[in-house]
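# Examination of the molecular architecture
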Amino acid sequence: MKHDIDKHEVAHGLARITHFAEGITSLMAGSYVLSLAVLKNNVALRVALGVAGGYLVLRSGSKLRASSFREDIL
């Protein structure tokens with residue numbers, strides 16, 4: 001019984017680490033894409049990059065929140 005609980009805790013910890021890594025990656029990628037949107041002259045490209053960058057930044061927030069070790073947040 002204790003062994004199953006330990007396996008579950010390890011798996012849960014690995015899932016949180018994965019969410020954290022995805023969150024940081026999405027945040028960096030979203031920031032980069034948004035910076036590209038500011039630099040481009042084509043309006044359609046700016047809008048497309050802005051939407052994609054905004055999505056990545058918003059996604060990073062949910063992934064970072066999922067990686068929290070505080071049980072009351074989940």
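Refer to the structure presented above.
For the structure given in this document, a descriptive report is provided here. Since we're looking at a predicted model, the values are computed, not measured.

Take the environment of Val33 next. Tracing the sequence through the fold places Val33 in helix H1 (residues 2-39). Taking the relative accessible area as the measure of exposure, Val33 reaches 16% and is therefore buried. Between the C-alpha atom of Val33 and that of Leu56, which follows or precedes it by 23 residues, the distance is 8.8 Å. What Val33 contacts, discounting residues up to four positions off in sequence, is Leu49, Ala52, Gly53 and Leu56.

Turning to the environment of Ser60, a few remarks are in order. With respect to the helices and strands, the residue Ser60 is situated in helix H2 (residues 43-66). In the structure, Ser60 is positioned 34 residues away from Ser26 in sequence and 5.1 Å away in space, judged by C-alpha atoms. Excluding anything up to four places from it in sequence, Ser60 contacts Gly23, Ser26 and Leu27.

Here is what the cut-offs are and how they apply
- Residues numbered from 1 in each chain as written.
- Predicted model: local features only at pLDDT ≥ 70, side-chain atom pairs only at ≥ 80, totals over all residues.
- Heavy atoms only, no water.
- Helix = DSSP H or I, 4+ residues; strand = E, 2+ residues; numbered from the N terminus.
- Buried < 20%, exposed > 50% of the residue type's maximum accessible area, 1.4 Å probe, protein only.
- Contact = heavy atoms within 4.5 Å.

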